[in-house]
Amino acid sequence: MLDFVAIAQSSPGPIAVNGAIVVGYKLGGVPGILVSVLGAVLPPFGILSLISVAYTVFRDNFFVQAILEGMTAGVSAVIISVVWDMASGIVKGRDGILILVMVLAFLLNYIWKINAIFIILGTVLVGVIRTMYMVRHEKTEACDKKEEEK
């Protein structure tokens, strides 16, 4: 089971669905995948559908509004905590390129209102180019060391 959890966590997407896919395939092949994914997705979908219907009925209720405002404050605190943890790790690493990317991403989104999708795609491109450069640079250094040893 630990192997299944590790596979589910390392795959992109929701862990519950990934776990359902892995376990469903192990237990029943492709039909097992279909049944397990439906079992993982349909209950939350139904619950959220009921909540959305109830929300439209109760959205003007004072207590519902107070709860939602409290939840907004809590979500904001969690987001600020995550941003602080990620940014402090980048700053402590003292990698100029990562710091520049972080600041530029903030400015592009907050000041110039660039869509986050484009920022993510840009950072992916920067990461790919940087990784390719580093791999090529390491290969060059390894070749130089081999030549020096000869």
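Residues numbered from 1 in each chain as written. Predicted model: local features only at pLDDT ≥ 70, side-chain atom pairs only at ≥ 80, totals over all residues. Heavy atoms only, no water.

### So, the layout of surface pockets
Here is the rule: In the cavity and pocket records, a cavity denotes points on a 1 Å grid over the protein atoms alone where a 1.4 Å probe fits but cannot get out, a pocket denotes an open set with protein on both sides within 12 Å along at least 5 of 7 lines, and lining residues are residues with an atom within 4 Å of a point. Grid points are joined across faces, edges and corners, and a volume is the space filled by probe spheres set on the points. Counting from the N terminus, the helices are the DSSP runs of H or I reaching at least four residues and the strands are the DSSP runs of E reaching at least two.
A volume near 600 Å³ is recorded for the largest pocket. In terms of lining, the largest pocket is formed by 22 residues, of which the most central are M86, V101, M102, A105 and F106. Counting residues per element, the ones that place at least two in the lining of the largest pocket are α3 (62–93), α4 (96–110) and α5 (116–149). Take the lining of the largest pocket: its biggest share by element is 9 residues, from α4.

### Comments concerning the side chain of N18
Selection rule: Note on contacts: a residue pair qualifies if any of its non-hydrogen atoms lie within 4.5 Å across the two residues.
Mapping N18 onto the fold places it in helix α2 (residues 15–58). Residues contacting N18, with those up to four places away along its chain left out, are A8, S11, P12 and G13.

### Some remarks on the packing of aromatic side chains
What counts is decided by this rule: Here is the rule: rings of Phe, Tyr and Trp (six-membered ring for Trp) pair when centre to centre is within 6.5 Å. Planes less than 30 degrees apart are stacked, more than 60 are edge-to-face, and the remainder are tilted. For every residue, the accessible area obtained with a 1.4 Å probe (protein chains only) is divided by the maximum for its type, and the residue is called buried under 20%, exposed over 50%, and partly exposed between those limits. Comment: the charge-over-ring label is applied if NZ (Lys) or CZ (Arg) is within 6 Å of the ring centre and within 35 degrees of the ring normal.
Counting across every chain of the model gives 2 aromatic pairs. Pairing F62 with F63 gives two aromatic rings, centres 5.5 Å apart and planes at 75°, and the pair type is edge-to-face. Relative accessible area serves as the criterion here: at 61%, F63 is assigned to the exposed category. Seen from their ring centres, F106 and Y110 are 5.2 Å apart, and the 15° between their planes marks the pair as stacked. One end of the pair is F106 and the other is Y110, both in helix α4 and 4 residues apart, which spans about a single turn. Note on F106: relative accessible area 48%, which makes it partly exposed. The positively charged end of K113 is found above the aromatic ring belonging to Y110, 5.4 Å away from the centroid.

Shape is all these values report; function is a separate question.
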